[in-house]
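Below are the chains, spelled out letter by letter.
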Amino acid sequence: MTEQEINRAIQYVTASTSYGRETVAGIVTTGLSELADFATRSSKRFERTVLLEYVSQWTMKKTGQPEPLVREILGCAGRWLDEVYEELDRQKAEHQGETSTDDEGAEPV
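A brief look at the structure comes next. Bear in mind that the values here come from a model prediction, so they are computed numbers and not experimental data. Here the residue index of a chain counts from 1 through its sequence in written order. Side-chain atom pairs in this predicted model are given and counted only at pLDDT of 80 or more, local residue features only at pLDDT of at least 70, and totals for whole chains, interfaces and linings cover all residues. Derived side-chain values reflect all non-hydrogen atoms in the structure, with water molecules and hydrogen atoms excluded from consideration.

## Examining the overall build of the chain
To keep it simple, the criterion reads: Each helix corresponds to a stretch of at least 4 residues labelled H or I by DSSP, and each strand to a stretch of at least 2 residues labelled E; elements are numbered beginning at the N terminus. To sort residues, take the accessible area from a 1.4 Å probe on protein chains only and compare it with the maximum for the residue type: under 20% means buried, over 50% means exposed, and anything in between is partly exposed. We call two residues in contact whenever any of their non-hydrogen atoms come within 4.5 Å of each other. To measure how exposed things are, a 1.4 Å probe is used in the Shrake-Rupley method; for residues, cover is taken only from the protein chains shown.
For the chain, the count of helices and strands is four helices and zero strands. Taken over 109 residues, the chain has a buried fraction of 24%. Sequence separation of at least 24 residues holds for 55% of the intrachain contacts in the chain that already meet a minimum separation of 6. In the form shown here, the chain has an accessible surface area of approximately 7,800 Å², with 52% of it arising from carbon and sulfur atoms.

See below:
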């Protein structure tokens, strides 16, 4: 993820919860950095719930924040990531639909 995307996630979570930006930023960046690091060093696939549990526990230890706070913030960040993924998936499908429509009736090369 880019710095801009992380900042958008932080803004989304801050607006969706009653926690301050500094607290949210610490938890989101810590959780996402561990998730990215884990993805680069592991080739095994994990279920989302297992991965979220690992990242939550690691983030709690690293930040010293209480479990309910970490889980709420990471859960909200996860919903933001889901929305971004769904939007990108929708845009990709629309683009592929436009491409196949544009190609109809085209002369073979």
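## Here's the deal with the packing of aromatic side chains
Centre distance and the angle of the planes are the two values used to describe a pair of aromatic rings. Put simply, the test is: Two rings belonging to Phe, Tyr or Trp (six-membered ring only in the last case) form a pair when the distance between their centres is within 6.5 Å. Interplanar angles under 30 degrees mark stacking, angles over 60 mark edge-to-face geometry, and anything in between is tilted.
Tallied over the full model, the rule gives two aromatic pairs. Taking the centre distance of 5.4 Å and the plane angle of 50° together, the rings of phenylalanine 38 and phenylalanine 46 count as tilted. A relative accessible area of 36% means that phenylalanine 46 is categorised as partly exposed. For phenylalanine 38, a relative accessible area of 16% gives the class buried.

## Comments concerning the side chain of serine 56
Counted only if it meets this: Polar contacts, as counted here, are pairs of nitrogen or oxygen atoms within 3.5 Å of one another; within protein the pair requires one atom able to donate a hydrogen and one able to accept it, and residues that are adjacent in sequence qualify only if both atoms are side-chain atoms.
Along the polypeptide, serine 56 turns up in helix H3 (residues 48-63). Within the structure, the side chain of serine 56 is placed 2.8 Å from the backbone oxygen of leucine 52, a separation counted as a polar contact. In this view, serine 56 contacts Val70, Arg71 and Leu74; residues no more than four positions away in its chain are not counted.

## Describing helix H2 (residues 21-41)
Filter applied, for reference: What a helix should span is 1.5 Å times the count of its residues minus one.
Under the 1.5 Å per step criterion, the end-to-end length of H2 is 30 Å for 21 residues, consistent within 8% with the ideal 30 Å. Among all positions in H2, only Val24, Ile27, Val28, Thr30, Gly31, Leu32, Glu34 and Phe38 are buried.

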